[in-house]
Amino acid sequence: MPCRLDVPQNLMFGKWKYEKPDGSPVFIAFRSSTKKSVQYDDVPEYKDRLSLSENYTLSISNARISDEKRFVCMLVTEDNVFEAPTIVKVFKQPSKPEIVSKAPFLETEQLKKLGDCISKDSYPDGNITWYRNGKVLQPLEGVVVLIFKKQMDPVTQLYTMTSSLEYKATKADIQMPFTCSVTYYGPSGQKTVQSEQAIFDIYYPTEQVTIQVLPSKTAIKEGDNITLKCLGNGNPPPEEFLFYLPGQPEGIRSSNTYTLTDVRRNATGDYKCSLIDKKSMIASTAITVHYLDLSLNPSGEVTKQIGDALPVSCTISASRNATVVWMKDNIRLRSSPSFSSLQYQDAGNYVCETALQEVEGLKKRESLTLIVEGKPQIKMTKKTDPSGLSKTIICHVEGFPKPAIQWTITGSGSVINQTEESPYINGRYYSKIIISPEENVTLTCTAENQLERTVNSLNVSAISIPEHDEADEISDENREKVNDQAKLIVGIVVGLLLAALVAGVVYWLYMKKSKTASKHVNKDLGNLEENKKLEENNHKTEA
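The notes below deal with the structure included here. (Residues numbered from 1 in each chain as written. Predicted model: local features only at pLDDT ≥ 70, side-chain atom pairs only at ≥ 80, totals over all residues. Heavy atoms only, no water.)

1. Here's the deal with the overall build of the chain
Within the chain, the regular secondary structure consists of one helix and 40 strands. When contacts within the chain are restricted to residue pairs at least 6 apart in sequence, those whose partners lie at least 24 apart make up 58%. Total accessible area on the chain is roughly 33,700 Å²; 50% of this is exposed by carbon and sulfur atoms. (Helix = DSSP H or I, 4+ residues; strand = E, 2+ residues; numbered from the N terminus. Contact = heavy atoms within 4.5 Å. Areas by Shrake-Rupley, 256 points an atom, 1.4 Å probe, with all protein chains shown as cover.)

2. A look at the sheet that holds strand S7 (residues 81-87)
Strand order across the open sheet formed by five strands is S3-S2-S1-S6-S7, with antiparallel pairing between neighbours. Of all the strands in the sheet, the pair left with one neighbour each is strand S3 (38-40) and S7. Going from strand to strand, the sheet's axes swing by 20 degrees on average, the running direction of each strand aside. As defined by bridge partners, strand S1 (residues 11-19) adjoins strand S6 (residues 70-77) across eight bridges and the pair is classed as antiparallel. Following the sheet pairing, Leu11 is matched in S6 by Thr77. (Pairing = 2+ DSSP bridges. Axes fitted to C-alpha atoms, helices over the stretch in contact; angles between N-to-C directions.)

3. Some points on the sheet that holds strand S23 (residues 252-254)
Taken in spatial order, the four strands make up an open sheet running S23-S22-S25-S26, and their pairing is antiparallel. The outermost strands of the open sheet, each flanked by one partner alone, are S23 and strand S26 (282-287). In this sheet, neighbouring strand axes are inclined to one another by 25 degrees on average, regardless of whether the strands run parallel or antiparallel.

4. A few points about the packing of aromatic side chains
Counting across every chain of the model gives 11 aromatic pairs. Summarising the aromatic geometry, the rings of Phe13 and Phe30 are spaced 5.0 Å apart at their centres and angled 45 degrees between planes, so their arrangement reads as tilted. Here Phe30 lies in strand S2 (residues 25-32) and Phe13 lies in strand S1, a separation of 17 residues in the sequence. Arranged with centres 4.0 Å apart and planes meeting at 10 degrees, the rings of Phe105 and Tyr203 form a pair that is stacked. In this pair, Phe105 is assigned in strand S9 (residues 105-107) and Tyr203 in strand S18 (residues 201-203), connecting sequence segments 98 residues apart. On the basis of relative accessible area, Tyr203 is assigned to the partly exposed category, the value being 23%. Cluster of aromatic residues (ring-pair linked, three or more members): Tyr18, Tyr46 and Phe71. (Phe/Tyr/Trp six-rings, centres within 6.5 Å; stacked < 30°, edge-to-face > 60°. Buried < 20%, exposed > 50% of the residue type's maximum accessible area, 1.4 Å probe, protein only.)

Structure follows, in structure tokens:
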């Protein structure tokens, strides 16, 4: 603190004092102008804290609140005393404000203590302000209640400020930051220090209930397990609900999930859930349990006789339109099988398969193994080799189970080859032998299966005697080729007939048009002749 006086020429000494609250002085320092010596008075609170310079500037170290006084610099001459007062103000910056005693949560529509904002060791005392999302909170009855108090430490004389905030929260306060600040005065003026943010969990009641079906797949089929999950949009969410199943008026109390195992088609319907204490708040969802039934009649292994009729039906019952596919021996059929007269080629393994395309994994299939049995039927043919040295005898056999063929020759002649047999296809095959008979012989073909034994004979003339050959039986493959050729011929004939018909129509239209044109030409020519005659008559009259 400089002495705010001009030092006089005849100065004797200078002194510093301070004034008590009652105005009485307390001297603390003395300095002679001649001896240049400094003396400090015995004042306990300033012991070892004072320093007086040659220009009478007084320094106080380790400032205290108690140093806030009115100090006076005194310069004394022989005939006068000069005084200059200095008022000292002491400041102490408070600690950073902190929100303590924070509420674990706030509830909507309830006035509840949010917390305390506290700032310590301030001089002089400061003010505390609360903020919500950076905006000052002003007191509002029933919504914002602020309680401020300050305390001074009797030893340090420093202040501690505390502000309590009671607050009625709304859902708009979710994730909103709350802060507080302390405003204090320092040597350079007013300053503010902010606290850290505090975010509070906001509790609010459930306003809406929703229900979910887990797992969340598009379609449910018989045998699935499904879980109903009920959710409330409150905070904290409800932990228990009432679940209502189709046809059951009373709810089932459960946690937020309820599981149905191995559901059947009768589980289709509306499922609901509600709050336990507020049954009017309810949610519902519709569940469709898809099903697929298949009945194949007949099914399993079926044995029929050749020529029999066999009606086959594949009946489908499903929750939606189902696709039906027929397979025979792993080959897809164009249409469902129908047998008015069974043939050997109709035998095989038939499968009726159905599925719901929209429902993953919902497929059904049943099979029919059809066996067509028949007694052996024999037809024998013969053919002379072009060289004239041998004859080929063929025994055509059809029947199922596969008949065994045996040959018997009556007469003389050498058997060249009797082991050749064709493959057994669609209940048919043949066996042939090549012979060179020296005389007339009789060949007997015997075919036998579990149903019957059939015998047929064929007379064959000696190789030296010419005879009429019998045509071979047409095989199934050749028969199909013949049928295809017949279809082709019929198609060509029909095409030619259509072409001739079109040509006839075109010719008739042409002739009709030609006649019409001819009539018009003749009419025009007639008109020209009449005009010539009229002109001749006119000339004669004039003459």
